[in-house]
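# A look at the structure
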Amino acid sequence: MKRKNVKISDLNNLSEAQITDLSLYASSLINQIRTAFGTTQTSVSKGSVLAADRVSDGYVADNWGWEAITHKRHDSAALDRAGKSFNSVSIGENLNTWQGLTGPFTLNDIKKYVYEAMLDFMFNGNEWN
């Protein structure tokens, strides 16, 4: 099975393997930038994959849709709950989203959006500092 052909119909219910694959891809992009600037590399662990899943589950549970994202941005309550599930670890996220995207998607489609998000974060004038 070629990964590029893996269909994903519900972005809110990714498997652990899919979250891991996407996390490793995002980490590799971040690390290319960090290498260029001589900063500490990121890594992906089972705990970080679980944290990502818990944050996602929190956003879904809070019905944090486009309206909330537009007006409130981050779901602080979901982030706090996810952090407390790890004995009060501080969890944050960099939310990058586009209104109106509907699936199904392939894994490569999602990776394309991750790549575009990294470009947005690098060149929007306030994320990389």
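Here goes a summary of the coordinates provided. (Residues numbered from 1 in each chain as written. Predicted model: local features only at pLDDT ≥ 70, side-chain atom pairs only at ≥ 80, totals over all residues. Heavy atoms only, no water.)

### Topic: a nonpolar patch on the surface
Taken together, the side chains of Tyr-115, Leu-119 and Phe-123 make up a nonpolar region of the molecular surface, amounting to roughly 340 Å² of accessible area. Among the structural elements, Tyr-115 can be located in helix α5 (residues 107-123). Its relative accessible area of 41% is what places Tyr-115 among the partly exposed residues. (Patch = residues over 30% accessible without salt bridge, like charges linked within 9 Å, V, L, I, M, F, W, Y side chains within 5 Å. Areas by Shrake-Rupley, 256 points an atom, 1.4 Å probe, with all protein chains shown as cover. Salt bridge = Lys/Arg side-chain N within 4 Å of Asp/Glu carboxyl O. Helix = DSSP H or I, 4+ residues; strand = E, 2+ residues; numbered from the N terminus. Buried < 20%, exposed > 50% of the residue type's maximum accessible area, 1.4 Å probe, protein only.)

### Some words on the pattern of salt bridges
Scanning all chains against the criterion turns up 3 salt bridges. Its salt-bridge partner being Lys-111, residue Asp-21 comes within 3.3 Å of it at the nearest N-O pair. Of the two residues, Asp-21 is situated in helix α1 (residues 16-37) and Lys-111 in helix α5; the sequence distance between them amounts to 90 residues. Between Asp-62 and Arg-81 there is a salt bridge; the shortest N-O distance is 3.0 Å. In this pair, Asp-62 sits in the loop between α2 (46-61) and α3 (66-72) while Arg-81 sits in helix α4 (residues 76-84), placing the two residues 19 residues apart along the sequence.

### Re the packing of aromatic side chains
Here the structure, examined in full by the defined rule, presents 1 aromatic pair. Its guanidinium or amino end placed over the ring of Phe-86, Arg-54 lies 4.7 Å from that ring's centre, counting from NZ or CZ. (Phe/Tyr/Trp six-rings, centres within 6.5 Å; stacked < 30°, edge-to-face > 60°. Lys NZ or Arg CZ within 6 Å of the ring centre and 35° of its normal.)

### Here's the deal with the nonpolar core
Judged by nonpolar contacts, the single largest core of 13 residues is most densely connected at Ile-8, Leu-14, Leu-22, Leu-107, Ile-110, Val-114 and Met-118. Sorting the residues of this core by element identifies α1 and α5 as the ones contributing at least two each. Setting aside anything within four residues of it in sequence, one finds Ile-110 in contact with Ile-8, Leu-11, Leu-22 and Phe-105. (Core = buried A, V, L, I, M, F, W, Y, C linked by side-chain atoms within 4.5 Å. Contact = heavy atoms within 4.5 Å.)

### Concerning α1
With 22 residues, α1 should cover 32 Å at 1.5 Å per step; its first-to-last C-alpha distance of 31 Å lies within 8% of that length. Taken as a whole, α1 has its buried residues at Gln-18, Ile-19, Asp-21, Leu-22, Ser-23, Ala-26, Ser-27, Leu-29, Asn-31 and Ile-33. Its buried side turned inward, α1 meets β1 (7-8), α2 and α5. Two residues or fewer past α1, Gly-38 is found with a positive phi of approximately 70 degrees. (Expected span 1.5 Å × (residues − 1).)

### As for the environment of Ser-15
By the element assignment, Ser-15 lies in the loop between β1 and α1. Sequence separation between Ser-15 and Asp-53 is 38 residues, and the spatial gap between their C-alpha atoms is 9.1 Å.

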